[in-house]
Amino acid sequence: MTASNLALIPALPLLGAVINAIGNRRFSRKVAGTIATVAVGLAALMSFATLFSLLGHHEGEHNEIAFTLYTWISVGSFSADIGFLADPLSATMMCVITGVGFLIHMYSIGYMDDSADEQSVWRFFAYLNLFIFSMLLLVMGDNLLLMFVGWEGVGACSYLLIGFWFSDTANAVAGKKAFVVNRVGDFCFVLAMFWLFWALGDHGTLSFHGIQEALAAHPGLVGGVGGFAVTGIALLFFGGATGKSAQIPLYVWLPDAMAGPTPVSALIHAATMVTAGIYMICRLNFLFVMAPIAMGTVAVIGALTAFVAATIALTQHDIKKVLAYSTVSQLGYMMLAAGLGAWSAALFHVITHAFFKALMFLGAGSIIHALHHEQDMRKMGGLRKFMPITFITFTAAYLAIIGFPGLSGFFSKDEILWLAWSTPPEFIGASWPLTKLLWGIGFITAGLTAFYMSRLYFMTFFGEYRGGHDDHADESAHSDGEHAHHGHHGDPHESGLLITIPLMVLGVASVVGGYLNLPHWMGAASGKLHHFLEPVTGASEHVLHDIAEAAHLHYPAHGGLEFPIMGITLGFVVVAVLIAWRFYGKSGGSAPDLGKLRSGSYNKWYVDEFYEGVLVKPIGRLARCVLHAIVDVKIIDGIVNGAASSARGLSAWYSRSVQIGQVQGYALAIAVGTTLLVLIYAM
Amino acid sequence: MEAIGLFHVLTLSGILFSLGVVGVLTRKNILIVFMSVELMLNAVNLSFVAFARETGQADGHLFSAIVMAVAAAEAAVGLALVILLYRNRLTVHLDELDIMKG
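Residues numbered from 1 in each chain as written. Chains lettered and ligands numbered in written order. Predicted model: local features only at pLDDT ≥ 70, side-chain atom pairs only at ≥ 80, totals over all residues. Heavy atoms only, no water.

> Any chance you could explain the nonpolar core here in plain terms?
The nonpolar side chains of soluble globular proteins are, as a tendency, buried together. One finds L144, F237 and F288 of chain A to be the most contacted residues of the largest nonpolar core, which totals 220 residues. If you tally residues by element for this core, the top one is helix 15 (residues 343-370) of chain A, at 19 residues. Counting residues in hydrophobic clusters, the runner-up holds seven residues, among them A667 of chain A together with V24, I30 and V33 of chain B. (Core = buried A, V, L, I, M, F, W, Y, C linked by side-chain atoms within 4.5 Å. Buried < 20%, exposed > 50% of the residue type's maximum accessible area, 1.4 Å probe, protein only. Helix = DSSP H or I, 4+ residues; strand = E, 2+ residues; numbered from the N terminus.)

Here is the structure:
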């Protein structure tokens, strides 16, 4: 893997997008899909080659591959490159993005077979490829500015894909909401970049290595550890992350983003884009470690998001909505880990979550596809008989997310919970055992996760099929022509190979993914990912160790409490699953009636209504009544119209009087003018 | 009494040109105005020829020939226009032709 090949990795999906854009309607679903899939597949191969060449490096060497395509901006002492950096952190992300991305592209060829989409399916694949390109730019960029380009690119692609079926207004509105909410976060990101560059003064740079060196050499520039500037910068960066990674208070766009096609939800809104915020915090670990208060904010917000989203997921009926809130909740876990300074644990959960949540979305997509776009779980049930492959693979993902011992989610979530328990509160700027409280929230969330996932799992796959045959009567009325080849409508059927192969691959990954980073008590094979990431996070971990040593603490703590805590969590999960089985295990099982709590959860705690009333409406009123009615109409239009009407007045007063219409008047003017000119030049 | 030189001819040319200008600016009959324009053109011709004689070069002669050709063409077009104007407006009086007044 030579350095210059690095630029090819993002270039390939871009090329795929361009080819599909040129091919346009001439490309059928299969042609467009194959082009897109091959482009991402090649990028995936090269990403894995990069990863393996990094893995092959020897101890102590500078473990990274960097390639600068050209200098993009050069102004005074500031310069930004189009430069790519593959270090352990970005290489891992590259493999997740292109690997999961490849499978989802393949799946999409099978999924997007609705004849109504045949004319526009090239657009879908072009956007997907463009998304992979932007995402790769985001993780591979060696400076903040290039990362920001990717950051905006994935936002735009997300917008385009959420609104892919834009002829339905609700989808277009969902896309707009995602875009606008993200914009709030992006604004924080931009401000953070400005502030950081400004604070660094003469050492101003935006390249990651440059910032790290400048901060290490001159910590005083940002106020030292815990300083005002560094805390503010880190909080603003975190503000950016709350937008992209759907954390409180900006998580509201993600559930609505489910309006997009299901492969999009799997790729963008579960596996890759939403982890960008966590990636950014891991990338900037050297900055965050200098701001304990910001770290604490990240951890607290993460834990709260995990909890709140899980409570909402408990009662949703739409299968994709449950998965969406589950994603928000899991992202909260990642944020919690990132905030506690456990960057490798956060990235580990990013990876395992990418596997099992992508798998769940794809499985849900397979169901939705089989049921002709039915997403209400109350109309599912008993699907394990009809869709065995989807059932088995979904089971793997289900067991992974609830933390069944031995599966990927068990290791990654357990590590985060243990770290929350054992991390000294001093790391996040607290003097009381805040981290124990965070553990408590995470612990309860683990139980809630087990409950809502079991609910989803039992409602879809167990009991009797509740689709009903009445539905088919009116469904065949409007989709007769499209689905005629499906033969009898009566029973759902298993999806084709293009859909089931990605399911199976991800199923295997969900089961074995945990072996990337086994807990330390597993001995020699443990902590591979943690060790691999050391070149990126090692320096910051040293800082944390120093803090722990100064406070006479042992960190990382390997006390005897690890197994009891794991046991308690497992026990809680088992109880939650059993309760779910009690209520939803049998067909038509009734939900527990909890009155206000239940309707509150079902209505998402009225957060959307709250934002609507407190932010959207007043801002809309401000825009209409002040900015439009006064600033725009009166002031801006007033200036423009005033200029025009005063010009008209001037011409009425002066110019008209010159136009006398008498030929000899004009001739006189010419004669006088000529004479004057001659006189002037003669003198 | 000195011989008639460049100065005298140019003076005459200037007088003729000024007469033409005054005619163009003051006379109301379009035909008279037209004639005044011709007078201005010929005053210029006279100065061309005078300079040509003074410097001994043919350029002035050449130029006055061109001016005469152009003036002939202009007279043809101009008179045609005057005739059209009269047919349409039944007047050749300049004061009455003021529809371009702003």
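> Can you walk me through helix 2 (residues 30-55) of chain B in this structure?
Every α-helical turn comprises 3.6 residues, leaving residues that sit three or four positions apart pointing alike. Under the 1.5 Å per step criterion, the end-to-end length of helix 2 of chain B is 38 Å for 26 residues, consistent within 8% with the ideal 38 Å. Within the sequence span of helix 2 of chain B, burial applies to I30, V33, F34, S36, A43, N45, S47, A50 and A52 of chain B. Lining the buried residues of helix 2 of chain B we find helix 27 (663-682) of chain A together with helix 1 (6-26) and helix 3 (59-89) of chain B. Its side-chain oxygen at 2.9 Å from the backbone nitrogen of L31 of chain B, N29 of chain B defines the N-terminal cap of helix 2 of chain B. The first or second residue beyond helix 2 of chain B is G56 of chain B, which carries a positive phi of 75 degrees. (Expected span 1.5 Å × (residues − 1). Contact = heavy atoms within 4.5 Å. Polar contact = N/O pair within 3.5 Å; in protein donor to acceptor, adjacent residues only side chain to side chain.)

> Where do I start with the state of the cysteines in this structure?
In a disulfide, the sulfur atoms of two cysteines are covalently bonded to one another. All names here are of chain A. Taken as a whole and assessed by the stated rule, the structure comprises zero disulfides over all chains. Just so you know, C95 is unpaired, no disulfide at all, and the nearest cysteine sulfur is the one on C282, 16 Å from it. C95 sits in the buried class, given a relative accessible area of 7%. Left unpaired, C188 is separated from the closest cysteine sulfur, that of C282, by 19 Å. Residue C188 is classed as buried on the basis of its relative accessible area of 19%. (Disulfide = S-S within 2.5 Å.)

> Explanation requested: the pairing of strand 1 (residues 65-75) of chain A in the structure shown.
A regular strand carries its side chains on alternate faces of the sheet. Residue and element names in this part refer to chain A. As paired elements, strand 1 and strand 2 (residues 78-86) share nine bridges and run antiparallel to each other. The residue of strand 2 that forms the bridge with T68 is G83. Once strand 1 ends, the chain turns through two residues before running back antiparallel as strand 2, passing G76 with a positive phi of about 60 degrees. (Pairing = 2+ DSSP bridges.)

> Any chance you could explain the packing of aromatic side chains here in plain terms?
Residues and elements named next belong to chain A. Tallied over the full model, the rule gives 31 aromatic pairs over all chains. Plain terms: the ring middles of F386 and Y465 are 5.8 Å apart, the flat faces sit at 75 degrees to each other, and that makes the pair edge-to-face. Taken together, the positions of F386 in helix 16 (residues 383-386) and Y465 in the loop between helix 19 (434-461) and helix 20 (470-479) put the pair 79 residues apart, joining distant regions of the chain. Measuring from centroid to centroid gives 6.2 Å for F451 and Y584, while their planes differ by 65 degrees, and the two rings are edge-to-face. (Phe/Tyr/Trp six-rings, centres within 6.5 Å; stacked < 30°, edge-to-face > 60°.)

> What is the right way to read the interface of chain B and chain A from this model?
For interface size, the figure often reported is the accessible area lost on association. Across the contact, 13 residues belong to chain B and 11 residues belong to chain A. The interface formed by chain B and chain A holds zero salt bridges in total. In terms of residue count, helix 1 of chain B provides more of the side of chain B that touches chain A than any other element does, three residues in total. Looking at side-chain class alone, the side of chain B that touches chain A contains six nonpolar, two polar and five charged residues. (Salt bridge = Lys/Arg side-chain N within 4 Å of Asp/Glu carboxyl O. Nonpolar A, V, L, I, M, F, W, Y, C, P; charged D, E, K, R; others polar.)

> Help me understand the pattern of salt bridges in this model?
Tallied over the full model, the rule gives eight salt bridges over all chains. We note a salt bridge from D608 of chain A to K177 of chain A, for which the minimum N-O separation is 3.0 Å. Highlighted residues: D608 of chain A in helix 26 (residues 607-658) and K177 of chain A in helix 6 (residues 169-200), separated in sequence by 431 residues. Using a relative accessible area of 24% as the deciding quantity, one classes D608 of chain A as partly exposed. When its relative accessible area of 22% is taken as the criterion, K177 of chain A is described as partly exposed. A salt bridge links D95 of chain B to K28 of chain B, with the nearest nitrogen and oxygen atoms 3.4 Å apart. Here D95 of chain B, found in the segment after helix 3, pairs with K28 of chain B, found in the loop between helix 1 and helix 2; they are 67 residues apart in sequence, far enough to count as distant. When salt bridges with common partners are traced through the structure, they connect E152, R183 and D186 of chain A into a single cluster.

> How should I be thinking about a nonpolar patch on the surface in this particular structure?
All names here are of chain A. Together, L622, V626, L627, I630, I635, I636, I639 and V640 give the surface a local cluster of nonpolar side chains, amounting to about 690 Å² of exposed area. Along the chain, I635 falls in helix 26. The exposure class assigned to I635 is partly exposed, which follows from its relative accessible area of 44%. (Patch = residues over 30% accessible without salt bridge, like charges linked within 9 Å, V, L, I, M, F, W, Y side chains within 5 Å. Areas by Shrake-Rupley, 256 points an atom, 1.4 Å probe, with all protein chains shown as cover.)

> Help me understand the confidence of the model for chain A, please; the structure alone is not making it clear to me.
Caution applies to low-pLDDT regions: their predicted coordinates should not be interpreted in detail. In the predicted model, chain A carries a mean pLDDT of 88, and 94% of its residues have values of at least 70. Per-residue pLDDT stays below 50 along residues 470-488 of chain A; that stretch engages in 12 contacts with residues further than four places along the chain or on separate chains. (pLDDT = per-residue confidence, 0-100.)

> Mind showing me how you'd approach the packing of helix 3 (residues 88-111) of chain A against helix 4 (residues 121-140) of chain A here?
For any two helices packed against each other, one specifies the inter-axial angle together with the distance between the axes. Residues and elements named next belong to chain A. At a minimum axis distance of 10 Å, the contact between helix 3 and helix 4 shows a crossing angle of 175 degrees. As the angle between them shows, helix 3 and helix 4 are arranged roughly antiparallel. The segment helix 3 lies against helix 4, with S90, M93, M94, I97, T98, G101, H105, S108 and I109 engaging F124, F125, L128, N129, I132, M135, L136, V139 and M140. Residues belonging to the contact of helix 3 with helix 4 are distributed by class as follows: 12 nonpolar, six polar and no charged. (Axes fitted to C-alpha atoms, helices over the stretch in contact; angles between N-to-C directions. Parallel < 35°, antiparallel > 145°, perpendicular 65-115°, else oblique.)

> What exactly am I supposed to notice about the environment of T537 of chain A here?
Residue and element names in this part refer to chain A. With respect to the helices and strands, T537 occurs in helix 23 (residues 534-550). A relative accessible area of 3% places T537 in the buried class. Taking the C-alpha atoms as reference, T537 lies 19 Å from L206; in sequence the two are 331 residues apart. Apart from residues lying up to four places away in sequence, T537 is in contact with N285 and W343.

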